[in-house]
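In case you want the letters, here they are:
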Amino acid sequence: MLPSSLLIKPSGSDCNIDCKYCFYKCRSSEVGQGKQRMSDEVLEKMVKDYLELGLNVSCFAWQGGEPTLMGLDFYKKAVDFQKKYGKDGQAVSNALQTNAILLNDEWCEFLAENKFLVGISIDGPKHIHDYYRKDYAGNGTWDKVMRAIERCKKHGVLFNVLILINDQNVGCPDEIFDFFVEQDIQYWQFIPCVENDPGTNEAASFSVEPVKYGEFMCRIFDRWYEYGPTKISIRLFETLLSFYLRGEHTICTFSRQCADYFVIEHTGDVFVCDFFVDPKWWMGNILETSIRELCDSPVKKDFCHSKQNLCNKCLVCRHLAICRGGCMKDRLGGPDGGFNKASYLCEGYKKFFDHSLGRLAHIASVIKAQQGPQGPGQNM
C-alpha cells in the first residue's frame with residue numbers, strides 16, 4: 001500500500017513549551033528525550049524516496065514535538081529537495097502542525113510563499129488555553145500564539161486551529177465557539193484528549209470524560225448549524241459529510257482500516273502510526289530500506305487489518321457503519337491484549353451521532369441535489 005502522506009517528526013518529541021497534557025508525557029522513553037534533530041542525509045533520502053513513488057499528490061506533514069525547532073533553513077532545504085526530486089506535473093503539499101511560538105514574519109513569509117497549510121494549537125480564550133499550555137517557566141503561551149495568528153493573517157498563511165478538548169475546557173463550548181468566530185477563523189479541528197496514566201493504566205486526570213465530550217460536540221454542532229454550515233469548516237463534521245456524500249471518511253478515526261500514511265522519526269525510523277511509536281510497530285529505517293520497499297511491510301499490513309477486530313458491542317451498534325470502532329489508540333486492552341474493546345469515547349460518540357447525523361444527512365442530500373447528475377465530485 002503506497003502511503004498517501006508522510007507524518008514526519010524532524011525534531012522528534014522535543015518541544016519548546018511544557019504542556020501538562022502533552023502526548024509524549026504518557027509515552028515511554030523509547031520515543032526519545034531531549035534534543036532530537038533530523039539530519040540532512042535523512043531528509044534528502046526521505047524526500048527522494050517518497051517522490052519516486054510517483055503519486056499524483058505527495059503530502060509531507062511536519063509534526064512533533066515542535067517541528068519549528070528545526071529552524072527555517074531546514075524547511076527551505078526540504079522544499080529545495082522537493083523541487084530537485086519532483087517530476088513535472090507532480091503535485092507536492094506541505095502541512096505544519098505547530099504551537100506557533102516561533103512563527104515570526106520571516107517564517108510566515110516562507111509558509112505563505114510555499115503554500116504550507118499550518119495547524120496552530122490553541123485551546124480557546126486566554127484563561128482556557130493557558131491552563132495547560134505553559135512554557136518551562138510556568139507562564140502561559142496564549143499571547144505569543146495570538147501574535148503568531150495575527151502574523152499568519154497578515155502574510156496570507158493558510159492555517160487552521162486545533163483545539164484539544166480536555167477536562168477543563170469541555171464545559172465551555174459556547175465560549176470557545178464565540179471566541180473563534182470573533183477571531184474570524186474558518187477552519188477548526190476538535191481533538192478529544194485521551195491519554196492513559198502510566199502509573200494506573202487508566203485515563204489520565206486531564207483526559208476528557210466520554211459523555212462530556214459528546215455533550216460538548218453536540219453543543220458545538222448546534223451552534224455551527226445555526227450559524228451557517230458553510231461559514232465554518234469543522235473537521236469532524238466534514239468527515240461525516242464526506243461519508244454521506246462519497247461513502248468514505250476524510251480522517252482515519254472512523255475509517256474501516258487505519259490510514260495509509262507512514263510516520264518518519266528524526267532518525268529515519270518508520271512506524272505505522274504516531275500513536276504507536278513502539279518497537280512492536282517498527283517497520284524499518286529509510287537509510288537501510290527504501291520507502292517503496294516498506295510499502296510491503298507485513299507490520300503495516302497487520303496493523304491496518306487490526307482495526308477490523310471489533311468487539312461485540314461494536315458489531316451490534318447502530319453506528320457501526322459510520323464509526324468502525326473509532327481510533328485504535330482509544331480501545332486498547334481487549335481480553336487478548338489486542339484492539340477488540342469498545343472505544344473509551346464510545347458513549348460520547350453515540351450521544352453525538354444520535355444528536356447530529358440526521359441533520360448531517362440532510363445537508364449531504366442538499367449538496368447532492370445542488371451538484372446534480374455529476375455526483376459529489378465538487379468541493380463542499
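Every value quoted in this text rests on a predicted model; they were computed, and no experiment measured them. (Residues numbered from 1 in each chain as written. Predicted model: local features only at pLDDT ≥ 70, side-chain atom pairs only at ≥ 80, totals over all residues. Heavy atoms only, no water.)

**Student:** For this particular structure, what's the right way to read the overall build of the protein?
**Tutor:** Helix and strand counts for the protein stand at 13 helices and 12 strands. Relative to a compact globule of 380 residues, whose C-alpha radius of gyration would be 21 Å, the protein shows 20 Å and is just as compact. In terms of overall dimensions, the protein has C-alpha extents of about 55 × 50 × 45 Å along its principal axes. Looking at the 380 residues of the protein, the share that counts as buried comes to 54%. (Helix = DSSP H or I, 4+ residues; strand = E, 2+ residues; numbered from the N terminus. Rg over C-alpha atoms; globule rule 2.2 N^0.38 Å. Buried < 20%, exposed > 50% of the residue type's maximum accessible area, 1.4 Å probe, protein only.)

**Student:** Looking at this structure, I do not really get helix α7 (residues 210-227). What am I missing?
**Tutor:** Side chains three or four residues apart in an α-helix point the same way, a direct result of the helix having 3.6 residues per turn. Here α7 contains 18 residues, and its C-alpha end-to-end distance of 26 Å stays within 8% of the 26 Å for a straight helix at 1.5 Å per residue. Listed in full, the buried residues belonging to α7 are Pro210, Tyr213, Gly214, Phe216, Met217, Cys218, Ile220, Phe221, Asp222, Arg223 and Trp224. Buried residues in α7 make contact with β5 (158-165), α6 (173-182), β6 (187-192), β9 (233-234), α8 (235-246) and α13 (346-371). A positive backbone phi angle near 125° is found at glycine 228, which sits one or two residues after α7. (Expected span 1.5 Å × (residues − 1). Contact = heavy atoms within 4.5 Å.)

**Student:** I would appreciate a short explanation of the sheet that holds strand β10 (residues 261-265) in the present structure.
**Tutor:** For sheets, the rule is that strands pair by backbone hydrogen bonds, running either parallel or antiparallel. Spatially, the 10 strands line up as an open sheet ordered β9-β6-β5-β4-β3-β2-β1-β10-β11-β12, and their pairing is mixed. Bordering the open sheet on either side are β9 and β12 (282-285), each of which pairs with just one other strand. Where strand β1 (residues 5-9) lies against β10, five bridges are found, and the strand directions are parallel. Within β10, the position partnered with serine 5 by the bridge is tyrosine 261. (Pairing = 2+ DSSP bridges.)

**Student:** Sorry, what's going on with unusual backbone geometry here?
**Tutor:** A negative phi angle characterises most non-glycine residues, just as the trans form characterises most peptide bonds. Here the residue pair glycine 64 and glycine 65 is connected by a cis peptide bond, since its omega of 15° sits within 30 degrees of zero. Here glycine 65 lies in the loop between β2 (57-62) and α2 (72-85). One non-glycine residue, aspartate 184, lies in positive phi territory at about 55°. Residue classification places aspartate 184 among the exposed positions, given a relative accessible area of 66%. Positive phi outside glycine occurs at arginine 324, with the angle close to 55°. Assignment of secondary structure puts arginine 324 in the loop between α12 (320-323) and α13.

**Student:** Help me out: how do you make sense of the environment of lysine 9 in this one?
**Tutor:** Structurally, the position occupied by lysine 9 is in strand β1. Here the alpha-carbon distance between lysine 9 and glutamate 66, two residues 57 residues apart in the chain, equals 8.4 Å. Setting aside chain neighbours within four positions, we find lysine 9 in contact with Tyr24, Gln63, Gly64, Val263, Ile264, Glu265, His266, Asp274 and Val277. Within the structure, the side chain of lysine 9 is placed 3.1 Å from the side chain of tyrosine 24, a separation counted as a polar contact. (Polar contact = N/O pair within 3.5 Å; in protein donor to acceptor, adjacent residues only side chain to side chain.)

**Student:** Teacher, can you tell me more about the side chain of asparagine 94 here?
**Tutor:** Note that asparagine 94 resides in strand β3 (residues 91-98). What makes asparagine 94 buried here is its relative accessible area of 7%. A distance of 3.0 Å separates a polar atom in the side chain of asparagine 94 from a polar atom in the side chain of tryptophan 62. In this structure asparagine 94 touches Phe60, Trp62, Gln82, Lys115, Phe116 and Leu117, once residues within four positions along its chain are discounted.

**Student:** Sorry if this is basic, but what is going on with the nonpolar core here?
**Tutor:** Generally speaking, nonpolar side chains in soluble globular proteins are found buried as a group. Met46, Trp62, Trp188, Phe190 and Phe237 are the most contacted members of the largest nonpolar core, which totals 112 residues. Among the elements that take part in this core, α13 stands out by supplying eight residues, more than any other. If sequence neighbours within four positions are ignored, methionine 46 has contacts with Leu6, Ile8, Met38, Trp62, Ile264, Ile286 and Ile291. (Core = buried A, V, L, I, M, F, W, Y, C linked by side-chain atoms within 4.5 Å.)

**Student:** Is there a simple way to explain the packing of aromatic side chains in this structure?
**Tutor:** The way to describe two aromatic rings as a pair is by their centre distance and the angle between their planes. Counting across every chain of the model gives 34 aromatic pairs. An angle of 50° between the planes, with centres 6.1 Å apart, marks the rings of phenylalanine 352 and phenylalanine 353 as tilted. Using a relative accessible area of 2% as the deciding quantity, one classes phenylalanine 353 as buried. In this arrangement the basic side chain of lysine 329 is found over the ring face of phenylalanine 275, its NZ or CZ atom lying 5.0 Å from the centre. (Phe/Tyr/Trp six-rings, centres within 6.5 Å; stacked < 30°, edge-to-face > 60°. Lys NZ or Arg CZ within 6 Å of the ring centre and 35° of its normal.)

**Student:** Just checking my understanding: could you explain the environment of valine 161 for this structure?
**Tutor:** Note on placement: valine 161 falls in strand β5. Residue class for valine 161 comes out buried when judged on its relative accessible area of 0%. Separated by 144 residues in sequence, valine 161 and isoleucine 17 place their C-alpha atoms 18 Å apart.

**Student:** Help me understand helix α3 (residues 105-113) in this model?
**Tutor:** Here α3 has its buried residues at Trp107, Cys108, Phe110 and Leu111. For α3, the angular spread of buried residues about the axis comes to 160°, placing them on one side. The elements touched by buried residues of α3 are α2, β3, β4 (117-121) and α5 (142-155). One side-chain oxygen at the N-terminal end of α3 lies 3.2 Å from the backbone nitrogen of glutamate 106; it belongs to asparagine 104. At the C-terminal side of α3, lysine 115 shows a positive phi close to 55°. (Arc of directions from axis to C-beta.)

**Student:** Just to check I follow, could you spell out the packing of α6 against α7 for this structure?
**Tutor:** Helices that pack against each other are described as a pair by the angle of their axes relative to one another and the distance between those axes. At a minimum axis distance of 9 Å, the contact between α6 and α7 shows a crossing angle of 40°. Between α6 and α7, the angle falls in the class oblique. By crossing handedness, the relation of α6 to α7 is classed as right-handed. Each of Pro173, Asp174, Ile176, Phe177, Asp178 and Val181 in α6 lies in contact with α7, whose residues at this interface are Phe216, Arg219, Ile220, Arg223, Trp224 and Tyr227. Considered class by class, the residues forming the contact of α6 with α7 number eight nonpolar, no polar and four charged. (Axes fitted to C-alpha atoms, helices over the stretch in contact; angles between N-to-C directions. Parallel < 35°, antiparallel > 145°, perpendicular 65-115°, else oblique. Left-handed = near helix turned anticlockwise from the far one by under 90°. Nonpolar A, V, L, I, M, F, W, Y, C, P; charged D, E, K, R; others polar.)

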